[in-house]
Amino acid sequence: MGFFDRLRKPTADPAESSGDRDMTGTPEQADPGSHEQGGAKRSWFARLKQGLKKTTQILNTDVRDLFRREGELLDQAFLDRLYGLLVRTDMGVTAADAIRDEIASDFRGRVVHMEDILTTIRGKIQELTAQDEVPLRRAPSGPTVIMVVGVNGSGKTTSIAKLAHHFKSQGQSVVLGAGDTYRAAATEQLTIWSQRIGVEIVTGGQGADPASVAHRAVARSLESQADVCIVDTAGRLQTQLNLMEQLSKIRRVIAKLIPDAPHEVLLVLDATAGQNGISQAKGFSDAVECTGIVLAKLDGTAKGGVIIPIRQQFGMPVKYVGVGEQPSDLATFDSAHFVEALFEGLVPQPASSR
């Protein structure tokens, strides 16, 4: 198996790994200052590096296995073995083609060493995941409305909790809208998180019109002069046309109250979903014009490589990454730090990124 595919999460996160289960079994809320003990906050890079630790170890092992001796002649047989390794990962065929072709162009017919191959893979992944800094779009006045979409089990509910905690820790007031009214436990889960984080929530009964809940949540945000309104949505599979139509309706209803809202439509992708994440992105983006991605469950799992085909095929920026189990474990995505963490200890860091 490939170096992304072979990881297993060391400890389960009930909140993220089971989008359909009752949240009463989730861990106790972390002290919001738990990463700031002694005045030193755990850096985004440190948490990301920990989340990719096993990925880095397996990347090291898989490439090392290509070398039966200190140096290997880079011939077609070597390239075929390397391509077989890459294509089995969640980075996708297009990225594997690009990496193999660049290595062939640079080294064909030469004796190569492991560091040569890893350095080239690193450089190409850096190129393929690069994105401009895309800050969260904020309303010029009044509430910033964020609509969150994604399939059940993707980590959507926990990601909303992390976003709410993120904004509250910045001193902003937050209202949640529990718009996933089709799933029995969804409203209960989000309500529990709202109580633990200390933010307001607007709910509806099971089976209620999700657009109605979204409308009331945005109206409450306007009434209370909240800074941010985060609207949850149903998480059924993107292949269901009625769901896509419902999402479009929610967007229209929100815009009736705030003409330029929602200001962001964030797609939550499970980092363990692999290539299925591509179809998720396309289905939801077609329905509601997603503006960015929240990559969930990048906390020891193996699917961080899904960023590569998402960036290649959609040009959709990854805005946040979930790098742990607690509400505070959310970070703004930085592609340079992502690649640096992935290759930590394997090849020297390029001087330009130090």
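Numbering of residues begins from 1 in every chain and follows the order in which that chain's sequence is written. Where totals are concerned, whole chains, interfaces and linings use all residues; where local detail is concerned, this predicted model gives features only for residues with pLDDT of at least 70, and gives and counts side-chain atom pairs only at 80 or more. Working from all heavy atoms in the structure, the side-chain values ignore hydrogens and water.

### Overview of the packing of aromatic side chains
Aromatic contacts are taken between Phe, Tyr and Trp rings whose centres are within 6.5 Å, Trp giving its six-membered ring; a plane angle under 30 degrees counts as stacked, one over 60 as edge-to-face, and the others as tilted. Evaluation of the coordinates by the stated rule reveals 2 aromatic pairs. Relative to Phe78, the ring of Phe67 lies with its centre 5.5 Å away and its plane at 65 degrees, an arrangement referred to as edge-to-face. Taken together, the positions of Phe67 in the loop between α3 (53–64) and β1 (72–73) and Phe78 in helix α4 (residues 76–87) put the pair 11 residues apart, joining distant regions of the chain. Residues Phe67 and Phe78 agree in their burial class; the two are buried. With a centroid separation of 5.8 Å and an interplanar angle of 55 degrees, the aromatic rings of Phe333 and Phe338 are classed as tilted. Only protein chains enter the accessibility calculation, which uses a 1.4 Å probe; a residue whose area is less than 20% of its type maximum is buried, one above 50% is exposed, and one in between is partly exposed. Residue Phe333 is classed as buried on the basis of its relative accessible area of 7%. On the accessibility criterion, Phe338 (1% relative accessible area) is buried. Criterion for a charge above a ring: Lys NZ or Arg CZ within 6 Å of the ring centre, and within 35 degrees of the ring normal. Between the NZ or CZ atom of Arg100 and the centre of the ring of Tyr83, over which it lies, the distance is 4.3 Å. The positively charged end of Arg196 is found above the aromatic ring belonging to Trp193, 5.7 Å away from the centroid. In this text, helices come from DSSP runs of H or I with a minimum length of four residues, and strands from runs of E with a minimum of two, each type numbered from the N-terminal end.

### Brief notes about unusual backbone geometry
Residues Ala261 and Pro262 are joined by a peptide bond in cis, for which omega reads -5 degrees. Mapped onto the fold, Pro262 is located in the loop between α10 (241–257) and β7 (264–270). The phi dihedral of Glu289 falls on the positive side, at around 55 degrees, and the residue is not glycine. Summarising the element assignment, Glu289 is placed in the loop between α11 (276–288) and β8 (292–296). Its relative accessible area of 54% is what places Glu289 among the exposed residues. Phi is positive for Lys297, close to 70 degrees, though the residue is something other than glycine. Mapped onto the secondary structure, Lys297 falls in the loop between β8 and α12 (307–314). Owing to a relative accessible area of 5%, Lys297 belongs among the buried residues under this scheme.

Any functional reading would require information beyond the geometric quantities listed.
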